[in-house]
Amino acid sequence: MKKQEELKELSDKDLKERLDAEVIALTQLRINHTITPLDNSGLLKDKRRNIARIHTELRARELKKDQ
């Protein structure tokens, strides 16, 4: 889980910026895939999973603050 460990090292601000960038990239990939099919459609799945990882880390930090 190298990706998850990498996310834990980032600050909240950096995580939110990365989340915004990933969402924009996913949207652009979906548009491109609609117009002309992507060579590697697995990229869509990877982007969705990265977004989920970031959301998970942000939520874990939020819960940790509440305790």
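Data block above holds the structure.
The rules we used
Residues numbered from 1 in each chain as written. Predicted model: local features only at pLDDT ≥ 70, side-chain atom pairs only at ≥ 80, totals over all residues. Heavy atoms only, no water. Helix = DSSP H or I, 4+ residues; strand = E, 2+ residues; numbered from the N terminus. Rg over C-alpha atoms; globule rule 2.2 N^0.38 Å. Buried < 20%, exposed > 50% of the residue type's maximum accessible area, 1.4 Å probe, protein only. Contact = heavy atoms within 4.5 Å.

Q: How should I be thinking about the overall build of the protein in this particular structure?
A: Scanning the protein from terminus to terminus reveals 3 helices and 0 strands. For the protein, the N- to C-terminal ordering of α and β elements is α-α-α. Its C-alpha radius of gyration of 14 Å places the protein more than 25% over the 11 Å reference for a compact globule of 67 residues. With the C-alpha coordinates aligned to their principal axes, the bounding extent of the protein is approximately 50 × 20 × 15 Å. Here the protein, with 67 residues, has 21% of them falling under the buried criterion. For the protein, restricting intrachain contacts to residue pairs at least 6 apart in sequence, the fraction spanning at least 24 positions comes to 64%.

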